[in-house]
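Close look at the chain arrangement
Chain by chain, the residues:
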Amino acid sequence: TSPALTSARFGRWAAAGRGHLEGSQFLIEDFSAQGASGRVALSGSVAVEATAPTDLHVRVEGLDPAALMPASSLRLSTRVTGSMRWRTTGFDVRAARGEGSLTLQPGRGPGLKPEGAVRLRVNGRSVAIDDARLAAHGAQVHARLALGTTTVQGEFDGELPLESLAPLFADLGLATRP
């Protein structure tokens, strides 16, 4: 337990966890970190031998992705909640499989305030966004994206009504002409 972890970039966090060795696995009963940027929790089993199963569950609650991005990045005000399950045998990342989902809710601060849902899949070292549906100020985007170790492939479509431009530009801090 640490009630006051501090990072210059990510601020103050409090972390606590419980776990124990059981046979060929380390069982994480609960490990969580809470900060202004949200809460991250981890539970499950981690192999300590090459043939033992690893089965991890990660949950994020009210996570602020803008707090994790460089200061010069896109202005974003949203909170993310969701979970993911990740499994493999031993330490074999290439054989890992995972699936999860995220929900985005508009934030209260300055910046773009998207809302929507994202479904994720992990296959080895590749991550797929199976279905992302995001919206802000009437504009909508739908995406499917595959991120490999050296490749990116995807499909995008969306709607951008003209009346959405002014509020979107305002959220991003961009000037518009009357």
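Below is a short write-up of the structure. Everything quoted here is computed from the prediction, not taken from an experiment. (Residues numbered from 1 in each chain as written. Predicted model: local features only at pLDDT ≥ 70, side-chain atom pairs only at ≥ 80, totals over all residues. Heavy atoms only, no water.)

1. A look at the overall build of the chain
Threshold: Strands here mean DSSP runs of E at least two residues long; helices mean DSSP runs of H or I at least four residues long; both are numbered from the N terminus. Here's how the labels work: a residue is buried when its accessible area is under 20% of the maximum for its type, exposed when over 50%, partly exposed in between, all with a 1.4 Å probe on protein chains only. Surface accessibility in these figures is a Shrake-Rupley result with a 1.4 Å probe; residues are shielded only by whichever protein chains are displayed.
Within the chain, the secondary structure is distributed over one helix and eleven strands. Traced from its N-terminal end to its C-terminal end, the chain shows the element sequence β-β-β-β-β-β-β-β-β-β-β-α. Taken along the three principal axes of its C-alpha coordinates, the chain extends 70 × 40 × 25 Å. Across the 178 residues in the chain, those meeting the buried criterion constitute 30%. Summing over all exposed atoms, the chain offers an accessible surface of approximately 11,000 Å²; the carbon and sulfur share of this is 58%.

2. A look at the environment of Arg39
Put simply, the rule reads: It only takes one pair of heavy atoms within 4.5 Å for two residues to be counted as in contact.
Checked against the element boundaries, Arg39 lands in strand β4 (residues 38–47). For the pair Arg39 and Ala15, spaced 24 residues apart in sequence, the C-alpha to C-alpha distance is 9.6 Å. In contact with Arg39, other than residues within four places in its own chain, are Asp30, Ser32, Ala33, Gln34, Arg59, Val60 and Glu61.

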